[in-house]
Amino acid sequence: MLPATFKLCAAISYQNLRNMTGLRRQAAVAISQELSKLACRGTGPSTWVNQVRRRSSLLSSRLEEKPFSEVEMSYIRQGEEALQKSLNILGDQEGWKTETVLGNGDRVLSKVLPDVGKVFRLEVVVEQPLAALYGELVDNMEQMGDWNPSVQQVKILQKIGKDTVITHEKAAATPGNVVGPRDFVSVRCSKRRGSTCVLAGVATTHGAMPEQEGVVRAENGPTCMLLRPLPGSPSHTRLTWLLSIDLKGWLPKTVINQVLAQTQVDFANHLRQRLAR
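Residues numbered from 1 in each chain as written. Predicted model: local features only at pLDDT ≥ 70, side-chain atom pairs only at ≥ 80, totals over all residues. Heavy atoms only, no water.

Naming follows an unreviewed UniProt entry, where the chain appears as Steroidogenic acute regulatory protein, mitochondrial of Ciccaba nigrolineata. Of the chain, the UniProt comment under Pathway (unreviewed entry) reads exactly: "Steroid metabolism; cholesterol metabolism." If you open the UniProt record of the chain and go to Subunit (unreviewed entry), you find "May interact with TSPO." (UniProt positions renumbered as here; feature names shortened; annotations may be inferred.)

Take a look at the structure:
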C-alpha cells in the first residue's frame, strides 16, 4: 500500500484538475490516472517517486513549449517548401549540362528550369566527416565571412525552433566590381534524413532587415546543400550544392553564369582550406 502522504497527493491532483485547462489539464489527467494505477498495484514509494518525477519533468517540458505564431509558421513552411522543391530538382537527372570539371573531380553542372531559370549544381567530395561540414555550414554559419571571400557577412536575424533560421547575407564585391553590392534575406531550413543532411533556403522578407540604400537586394532560391558520407569511406563527405540566384539589376547573362559557376568552385576550395585548419 502507498503511504497516506502519497494517497493524499493523488487526491489533491484530482482536485486541482478542476482549475486546469488545455494542455495542463490533459497532462495532469494522465499523471492522476497513473497515480491511481500505482496505488492499486501497491508500488513502493521509491518507484512511485521516480515515475512521478519523470512525468512531472515531461509535464514541465510540455508546458514550456510555445506554439509558433502565424508568421513563424509561414517561415517554417517557406523553408520546408524550398527543401522539397530543391530535392525534386536534384532528383531529376535529365537535362544537366557540364559547365566545369576540375582535375580533382569537382564539377559544376547547369540546367534551365521553366519556373526557376538557370540553376547550377556543384558536386564535390570533401576529405572530412559529415559532422565537420555540418558544424561549419550550420552551427558556425555566421563565421562564413571569415573564410569565404565571396561572403562579407552572414547574420542570423531570427531562429524559429531547431530547424529554421532567417538570415541576412552581404555578398563581397566581385573582382573588378563586375557585380556591385548585393545582399540577401533568406529563410534556411536544415533537416537530417538518416545519414543525409539537407540544408535548404529561399528568399524571404523580414522586418529587421529592409532593403538597404545603395545595395541591390538579390534573391536566393530555391537552393540547398546535400551532405552524405562517401560510400565505403565515412571520413569523406559528398557535397552537392544546388544554387539558384536572381542577382537583379542589369547584368548580362553570360556574366551572371560565369560568376555563379566560379563562385561554386571557389566555395569548395575555401571550405576545404577552412576544415583543414
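The discussion continues.
Draft legend 1. Looking closely at the packing of helix α5 (residues 130–139) against helix α6 (residues 253–276). Contact pair α5 / α6: the axes reach a minimum separation of 11 Å and the direction vectors enclose 110°. Classed by the angle they form, the pair α5 and α6 counts as roughly perpendicular. Residues A132, L133, E136 and L137 of α5 lie in contact with α6, whose contacting residues are F267, L271, R274 and L275. Classifying every residue of the contact of α5 with α6 by side-chain character gives 6 nonpolar, no polar and 2 charged. (Axes fitted to C-alpha atoms, helices over the stretch in contact; angles between N-to-C directions. Helix = DSSP H or I, 4+ residues; strand = E, 2+ residues; numbered from the N terminus. Parallel < 35°, antiparallel > 145°, perpendicular 65-115°, else oblique. Contact = heavy atoms within 4.5 Å. Nonpolar A, V, L, I, M, F, W, Y, C, P; charged D, E, K, R; others polar.)

Draft legend 2. Just unusual backbone geometry, in detail. Cis geometry is adopted by the peptide bond preceding P222, which originates at G221 and carries an omega value of -5°. The topology assignment puts P222 in the loop between β9 (219–220) and β10 (223–230).

Draft legend 3. The pattern of salt bridges, seen in detail. As enumerated under the stated definition, the model contains 14 salt bridges in all. K85 is the salt-bridge partner of D115, the closest N and O atoms lying 3.4 Å from each other. One end of the pair, D115, is in the loop between β2 (107–113) and β3 (117–126); the other, K85, is in helix α4 (residues 70–91), with 30 residues separating them in the sequence. Among the residues examined, D115 registers a relative accessible area of 58% and is labelled exposed. The partly exposed category is assigned to K85, whose relative accessible area is 34%. A salt bridge links R272 to D106; the shortest N-O distance between them is 2.8 Å. Taken together, the residues span a long stretch of sequence, with R272 in helix α6 and D106 in the loop between β1 (97–101) and β2 at a distance of 166 residues. In this structure D106 comes out as buried when scored by relative accessible area, which is 3%. Salt bridges linked by common partners bring E80, K162, D163 and K191 together as one network. (Salt bridge = Lys/Arg side-chain N within 4 Å of Asp/Glu carboxyl O. Buried < 20%, exposed > 50% of the residue type's maximum accessible area, 1.4 Å probe, protein only.)

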